[in-house]
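# Fold and contact review
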Amino acid sequence: MDNFTIEWKIFWKSFLAYFYELVRFDFSVTNPVFWLFFLILLLILLKSWKIKKAFSFCFVIALVLVVASKIEKYVMVFFRKSAGSFDPILIRISCVIFILVVSLYYFFIKGNDD
């Protein structure tokens with residue numbers, strides 16, 4: 001019983017480490033919590049959408065988040081080389097706006113038979 005508690009603490013510590021990466025807007029393909037959230041989102045969307053529409057929505061949102069993180073890292077490295085500073089808030093805001101536009105498209109425009 002004592003070993004189970006220790007393993008649970010290790011699991012929780014790992015989960016929080018991956019979760020805090022997401023909170024810092026550091027989305028990556030190797031983050032299991034990132035994919036866990038999208039699997040949960042996919043299962044929730046399958047209650048009202050067909051598999052093709054739900055999967056494409058989850059895939060597009062995941063792709064946007066990963067690409068935004070990669071662009072942010074690239075821009076940060078570029079500004080560090082030129083001895084400048086960069087605030088990634090513009091990239092994050094544009095990413096959130098793009099996700100809102102995609103969500104509006106999927107929720108209101110795209111048909112369920114696609």
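Scroll up to find the structure.
Note that the structure is predicted; figures quoted are calculated from it, not measured. (Residues numbered from 1 in each chain as written. Predicted model: local features only at pLDDT ≥ 70, side-chain atom pairs only at ≥ 80, totals over all residues. Heavy atoms only, no water.)

## As for the pattern of salt bridges
Where charged atoms from two side chains of opposite charge approach closely, those side chains can pair. So the rule is basically this: In what follows, salt bridge is the name for a side-chain nitrogen of Lys or Arg lying within 4 Å of a carboxyl oxygen of Asp or Glu. The way it works is that DSSP assigns letters per residue, a run of H or I at least four long becomes a helix, a run of E at least two long becomes a strand, and they are numbered from the N terminus. For every residue, the accessible area (1.4 Å probe, protein chains only) is compared with the maximum for its type, and the residue is labelled buried under 20%, exposed over 50%, or partly exposed between those bounds.
This model, assessed by the stated rule, comprises 2 salt bridges. A salt bridge links Lys73 to Asp26; the shortest N-O distance between them is 3.0 Å. Taken together, the positions of Lys73 in helix H3 (residues 51-81) and Asp26 in the loop between helix H1 (2-23) and helix H2 (32-45) put the pair 47 residues apart, joining distant regions of the chain. Take Lys73: its relative accessible area is 40%, and that puts it in the partly exposed class. Taking the shortest distance from any N to any O, the salt bridge between Arg92 and Glu72 comes out at 3.0 Å. Here the residue Arg92 occupies a position in helix H4 (residues 89-109), and Glu72 occupies one in helix H3, the gap between them amounting to 20 residues. What makes Arg92 partly exposed here is its relative accessible area of 25%.

## Considering the side chain of Ser56
To be explicit about the condition: Definition of a polar contact: a pair of N or O atoms within 3.5 Å, with one able to donate and the other able to accept a hydrogen when the atoms are protein atoms, and with sequence-neighbouring residues admitted only if both atoms are side-chain atoms. Whether two residues touch is decided by their heavy atoms; if any such pair falls within 4.5 Å, the residues are in contact.
Locating Ser56 in the fold gives a position in helix H3. At 3.0 Å, the side chain of Ser56 forms a polar contact with the backbone oxygen of Lys53. Setting aside chain neighbours within four positions, we find Ser56 in contact with Tyr106 and Lys110.

## A short note on H4
Spelled out, the test is: The length a helix should cover is 1.5 Å for every residue beyond the first. What the arc measures is the spread of directions leading from the helix axis to the C-beta atoms.
A rise of 1.5 Å per residue sets the reference length of H4, with its 21 residues, at 30 Å; its end C-alpha atoms lie 29 Å apart and thus fit the reference within 8%. For H4, the set of buried residues is Ile91, Cys95, Ile99, Val102, Ser103 and Tyr106. Relative to the axis of H4, the buried residues are bounded by an arc of 105° and lie together on one face. Along H4, exposed side chains directed more than 90 degrees from the buried face belong to Leu90, Phe108 and Ile109. Buried residues along H4 sit in contact with H3.

## A short note on H2
In a regular helix each residue adds 1.5 Å, so 14 residues correspond to 20 Å; H2 covers 20 Å between its end C-alpha atoms and thus fits that length. Of all the positions in H2, only Val33, Phe34, Phe38, Leu42 and Leu45 are classed as buried. Capping of H2 at its N-terminal end is provided by Asn31; its side-chain oxygen lies 3.0 Å from the backbone amide nitrogen of Val33.

## So, the environment of Ile93
As for its position among the elements, Ile93 is in helix H4. For Ile93, a relative accessible area of 43% translates into the label partly exposed. C-alpha separation for the pair Ile93 and Val66, spaced 27 residues apart in sequence, amounts to 14 Å.

## Digging into the nonpolar core
Here is the rule we go by: By nonpolar core is meant a set of buried Ala, Val, Leu, Ile, Met, Phe, Trp, Tyr and Cys residues that side-chain atoms within 4.5 Å join together.
One finds Phe27, Phe34, Phe38, Phe57, Ile61, Leu65 and Cys95 to be the most contacted residues of the largest nonpolar core, which totals 24 residues. Put simply, the parts of the chain that give this core at least two residues each are H2, H3 and H4. At 10 residues, the largest contribution of residues to this core is made by H3. Setting aside residues no more than four positions away along its own chain, Cys95 makes contact with Phe25, Val64, Leu65 and Ala68.

## Description of unusual backbone geometry
Within the chain, Phe25 stands out as a residue other than glycine whose phi angle is a positive 60°. Of note, Phe25 is situated in the loop between H1 and H2.

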